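# Fold and geometry: a report
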Amino acid sequence: MVKIVLVFASMSGNTEMMADAIAEGVREVGEDLEVIDVINGLEASVLEDYDGILLGAYTWGDGELPDDFLDFYDEMENVDLTGKKAAVFGSCDSAYPQYGAAVDILMEKLKERGAEVHPHGLKVELTPEKEEEACRTFGKNFVTSLQTRIDQKRED
Ligand SMILES: Cc1cc2nc3c(=O)[nH]c(=O)nc-3n(C[C@H](O)[C@H](O)[C@H](O)COP(=O)(O)O)c2cc1C
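Cut-offs and rules
- Residues numbered from 1 in each chain as written.
- Predicted model: local features only at pLDDT ≥ 70, side-chain atom pairs only at ≥ 80, totals over all residues.
- Heavy atoms only, no water.
- UniProt positions renumbered as here; feature names shortened; annotations may be inferred.
- Salt bridge = Lys/Arg side-chain N within 4 Å of Asp/Glu carboxyl O.
- Buried < 20%, exposed > 50% of the residue type's maximum accessible area, 1.4 Å probe, protein only.
- Near = heavy atom within 4 Å.
- Polar contact = N/O pair within 3.5 Å; in protein donor to acceptor, adjacent residues only side chain to side chain.
- 1 Å grid on protein atoms, 1.4 Å probe; cavity = no way out; pocket = protein on both sides within 12 Å on 5 of 7 lines; lining within 4 Å.
- Sits in = over half its atoms within 2 Å of the grid points.
- Helix = DSSP H or I, 4+ residues; strand = E, 2+ residues; numbered from the N terminus.
- Nonpolar A, V, L, I, M, F, W, Y, C, P; charged D, E, K, R; others polar.
- Expected span 1.5 Å × (residues − 1).
- Contact = heavy atoms within 4.5 Å.
- Pairing = 2+ DSSP bridges.
- Right-handed = clockwise from strand over helix to strand, strands pointing away.

The name an unreviewed UniProt entry assigns to the protein is Flavodoxin, from the organism Peribacillus loiseleuriae. Checking UniProt for the protein, the heading Sequence similarities (unreviewed entry) contains the comment "Belongs to the flavodoxin family." In its Function (unreviewed entry) section, UniProt records this for the protein: "Low-potential electron donor to a number of redox enzymes."

## Description of the pattern of salt bridges
Evaluated as defined, the whole model comprises 9 salt bridges. Linking arginine 27 and aspartate 32 is a salt bridge whose minimum nitrogen-to-oxygen distance equals 3.1 Å. With a relative accessible area of 43%, arginine 27 lands in the partly exposed category. The class of aspartate 32 is partly exposed, set by a relative accessible area of 42%. Each of Glu24, Glu133 and Arg136 takes part in salt bridges that share partners, so that together they form one network.

## Quick word on the site of the ligand
The environment of the ligand is formed by 20 residues, the closest being Ser10, Met11, Ser12, Asn14 and Ser91. Contact distances for the ligand include 2.6 Å between an oxygen atom and a side-chain N or O atom of serine 10. In the model, an oxygen atom of the ligand is placed 2.9 Å from a nitrogen or oxygen of the glycine 63 main chain. Taking a 2 Å distance to the grid points as the criterion, the majority of the atoms of the ligand fall inside the largest pocket. Secondary structure elements with two or more residues in the shell around the ligand: helix H1 (14-28) and strand E4 (85-92). Here the shell around the ligand is composed, by residue class, of 7 nonpolar, 11 polar and 2 charged.

## Considerations on H1
Taking 1.5 Å per residue as the helical rise, H1 with its 15 residues ought to reach 21 Å, and the 21 Å between its terminal C-alpha atoms agrees with that figure. Within H1 the residues assigned to the buried category are Asn14, Thr15, Met18, Ala19, Ala21, Ile22, Ala23, Gly25 and Val26. Residues of H1 that are buried sit in contact with strand E1 (4-9), strand E2 (33-37), strand E3 (52-57), E4, strand E6 (122-125) and helix H4 (132-155). Taken from the residues just after H1, glycine 30 is the one with a positive phi, measuring 90°.

## Examining the pairing of E2
Relative to E2, E1 runs parallel, the two sharing 5 bridges. Counterpart to isoleucine 4 in the pairing with E2 is leucine 33. Read from E1 through H1 to E2, the crossover connection turns out right-handed.

## What about the pairing of E4?
Counting buried residues along E4, 8 of its 8 residues qualify, which places the element largely inside the surrounding structure. Sheet topology places E3 next to E4; 5 bridges connect them, and they run parallel. By the bridge assignment, glycine 52 is partnered in E4 with lysine 85. In the classification by handedness, the crossover that spans E3, the intervening helix H2 (residues 67-75) and the parallel E4 is right-handed. Where E4 and strand E5 (residues 116-117) come together, 2 bridges link them in parallel fashion. Each residue of the ladder has a partner; that of lysine 85, found in E5, is glutamate 116. Direction of pairing for E4 relative to E6: parallel, over a ladder of 4 bridges. Bridge pairing in E6 places serine 91 opposite valine 124.

Right, here's the structure in full:
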C-alpha cells in the first residue's frame with residue numbers, strides 16, 4: 001500500500017470536482033488517499049509523510065495561485081520531496097492569457113523541491129463535468145506510475 005495525499009484549493013467548486021474524480025480513479029485501482037482542502041490550513045511539511053502527492057489549484061488574478069494556497073506554497077520552500085512522485089491539476093479559463101498558470105507554478109515548485117513530477121499537468125476548462133473520465137484516468141495512471149516506481153526501488 002502506498003501513501004497518497006491530494007491537496008486542493010477551489011473557490012467555485014470546479015477544482016474540487018476534479019479532485020473528487022481523481023480520488024475516485026485512485027480508489028478504483030485499489031489505493032486509498034487522503035483528500036485535504038488547503039483552506040483547512042495544513043502545513044506543507046505533511047507532504048514528507050507520503051509517497052505520492054497530488055496538488056490541485058484553480059488560477060487566480062493574472063496567472064497566480066489562489067490566496068488560499070500561498071502559505072502552503074511558501075512553506076514548500078522548506079520541504080524535501082526527494083523520492084516522491086507528484087502530479088498537478090486545476091480548473092482554468094481560456095478567457096485569461098495565463099491559462100492554468102497555477103498548475104505550472106505548482107509543478108515547478110514540486111520539481112524544485114526534488115519530486116519527480118508528471119510532465120503533463122491536467123488542466124480543464126472550467127467545469128470538469130464532461131471530463132470526469134479524464135480525471136479518473138489521471139488518478140489511475142498516477143497510481144500505476146507510483147507503484148512501478150516503488151517496485152523499481154524495491155528491486156534496486
Ligand atoms: C479574478 C479571476 C482571475 C482569474 N484568472 C485566471 C487566470 O489567470 N488563468 C486562468 O486560467 N483562469 C483564471 N481564472 C478562472 C478560474 O481559474 C476558473 O474560473 C476556475 O474554474 C475556478 O475554479 P474553482 O471552481 O475550482 O474555484 C480567474 C478567475 C477569476 C474570477
